[in-house]
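# Structure assessment
The chain contents come next:
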Amino acid sequence: MNPIAIKEKLLTKKLLCTVFGHRFITSRNVTPHFKEYKCTVCQLELTNDEKGQVTFLTPELREINETLIGFYKKRPHSI
C-alpha cells in the first residue's frame, strides 16, 4: 500500500470518529477500578488516571498499569 492511501484511510477513520463519536470497548481490566479502553474505529486508547478520570493512554500510564497488574496479582486475596 502506498503512503498516500494509508494517510487517506487514517484520515477517514479519524473523521468518522470526529463526526459520529468514538466506539470504545474495554480492552483490558487492570484492576476492578482501572481499565483500558480502545476505539474500534480509529484505535485510540484511553485509561483511567489517578483521579479516576479517563485520559489518553501514554507510555508512562501504560507502564503504571503494568505495575498495577503486578501488584494486584501478588496481593493476598481474602476469602
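Calculation notes
Residues numbered from 1 in each chain as written. Predicted model: local features only at pLDDT ≥ 70, side-chain atom pairs only at ≥ 80, totals over all residues. Heavy atoms only, no water. Helix = DSSP H or I, 4+ residues; strand = E, 2+ residues; numbered from the N terminus. Buried < 20%, exposed > 50% of the residue type's maximum accessible area, 1.4 Å probe, protein only. Contact = heavy atoms within 4.5 Å. Areas by Shrake-Rupley, 256 points an atom, 1.4 Å probe, with all protein chains shown as cover. pLDDT = per-residue confidence, 0-100. Pairing = 2+ DSSP bridges. Axes fitted to C-alpha atoms, helices over the stretch in contact; angles between N-to-C directions.

Right, let's talk about the overall build of the protein for a bit. For the protein, the count of helices and strands is 2 helices and 4 strands. From first element to last, N terminus to C terminus, the protein shows the α and β order α-β-β-β-β-α. By residue count, 16% of the 79 residues in the protein fall in the buried class. Summarising the internal contacts of the protein: among those between residues at least 6 apart in sequence, 20% fall at separations of at least 24. Carbon and sulfur atoms provide 61% of the accessible area of the protein, an area that totals close to 6500 Å².

Low-pLDDT stretches of the model should not have their predicted coordinates read in fine detail. For the protein, the average pLDDT comes to 84, and 84% of its residues sit at 70 or higher. When mean pLDDT is compared element by element in the protein, strand 2 (residues 35-39) scores highest at 94, while helix 1 (residues 3-20) scores lowest at 72.

With antiparallel pairing, 4 strands are arranged side by side in an open sheet as 1-2-3-4. The open sheet has two free edges, formed respectively by strand 1 (24-29) and strand 4 (54-56), since each of these has just one partner strand. With strand direction ignored, the average angle separating the axes of adjacent strands in the sheet is 35 degrees. Taken together, the 3 bridges between strand 2 and strand 3 (residues 45-48) define a ladder with antiparallel strand orientation. Across the sheet, the residue bridging to Glu36 is Thr47, located in strand 3.

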